[in-house]
Amino acid sequence: MHPRVLLEVNVAGEGSKFGFKSETLRAEMEELLALQRLSILGLMTIPPLAEKAEASRKYFIQLRKLRDRLQAEFRVDLAQLSMGMTQDFPVAIEEGATLVRVGTAIFGQRTRRK
């Protein structure tokens, strides 16, 4: 069985986050799709932390549009969009998220280990 992955995209260009830059992922796609033992299921992102969920919408839209362009250009199915966390998942779902991360809603705030 091949590893099934989501490609992380740093849509906000934050230095503290990892992932492909939106503007360079397209150039990397041919090489990534040529990796026979890798199944790319979609894209994921984590926008900058914001007080209001609505502030994340523009990043979710950017990721969805990028996914749509890559699907059309490379004729691949990138069905999964992982975006949205406890504080902004309703907005992410409105913008097309298929996977959300809601650990804080389930388990509560994390405490830092000393």
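Residues numbered from 1 in each chain as written. Predicted model: local features only at pLDDT ≥ 70, side-chain atom pairs only at ≥ 80, totals over all residues. Heavy atoms only, no water.

**What about the sheet that holds strand β4 (residues 99-101)?**
Thought 1: Read from one edge to the other, the open sheet built from four strands follows the order β1-β2-β3-β4, with strand pairing classed as parallel. At either margin of the open sheet sits one strand with a lone partner, and together these are β1 (4-8) and β4. Strand-to-strand twist in this sheet, taken as the mean axis angle between neighbours without regard to direction, amounts to 30°.
Thought 2: In this structure, strand β2 (residues 39-44) lies alongside strand β3 (residues 80-85), joined through three bridges in parallel fashion. Bridge pairing links Gly 42 to Gln 80 in β3.
Thought 3: Its contacts with the sheet place helix α2 (residues 57-74) against β2 and β3, and it is angled at close to 175° to β3. (Pairing = 2+ DSSP bridges. Helix = DSSP H or I, 4+ residues; strand = E, 2+ residues; numbered from the N terminus. Axes fitted to C-alpha atoms, helices over the stretch in contact; angles between N-to-C directions. Contact = heavy atoms within 4.5 Å.)

**Brief notes about unusual backbone geometry**
Thought 1: Its identity is not glycine, yet Arg 75 carries a phi of approximately 50°, on the positive side.
Thought 2: Tracing the sequence through the fold places Arg 75 in the loop between α2 and β3.

**Considerations on helix α1 (residues 22-34)**
Two residues of an α-helix separated by three or four positions point the same way, owing to the 3.6 residues in each turn.
Thought 1: By the largest-angle criterion, Glu 28 marks the main kink of α1, which is about 50°.
Thought 2: All of the buried residues in α1 are Leu 25, Met 29 and Leu 32.
Thought 3: Looking at the packing, one finds that the buried side of α1 touches β1, β2 and α2. (Bend = angle between axes of the 7 residues up to and from the residue. Buried < 20%, exposed > 50% of the residue type's maximum accessible area, 1.4 Å probe, protein only.)

**A look at the confidence of the model for the protein**
Thought 1: This prediction gives the protein a mean pLDDT of 90; 96% of its residues lie at or above 70.
Thought 2: When pLDDT is averaged over each helix and strand of the protein, the minimum, 68, is found for helix α4 (residues 103-107) and the maximum, 97, for α2. (pLDDT = per-residue confidence, 0-100.)

**A closer look at the environment of Ser 56**
Thought 1: Looking at the secondary structure, you find Ser 56 in the loop between β2 and α2.
Thought 2: Of the residues examined, Ser 56 reaches a relative accessible area of 3% and is grouped as buried.
Thought 3: Ser 56 sits 28 residues away from Gly 84 along the chain, and the two C-alpha atoms are 8.4 Å apart.

**Some words on the nonpolar core**
Generally speaking, nonpolar side chains in soluble globular proteins are found buried as a group.
Thought 1: Counting 20 residues, the largest nonpolar core has Leu 25, Met 29, Leu 43 and Leu 70 as the members making the most contacts within it.
Thought 2: Within the residue set of this core, elements represented by two or more residues are α1, β2, α2, β3 and α3 (89-94).
Thought 3: With six residues, the top contributor of residues to this core is α2.
Thought 4: Residue contacts for Met 29: discarding those within four places in its chain leaves Leu 7, Leu 70, Phe 74 and Leu 78. (Core = buried A, V, L, I, M, F, W, Y, C linked by side-chain atoms within 4.5 Å.)

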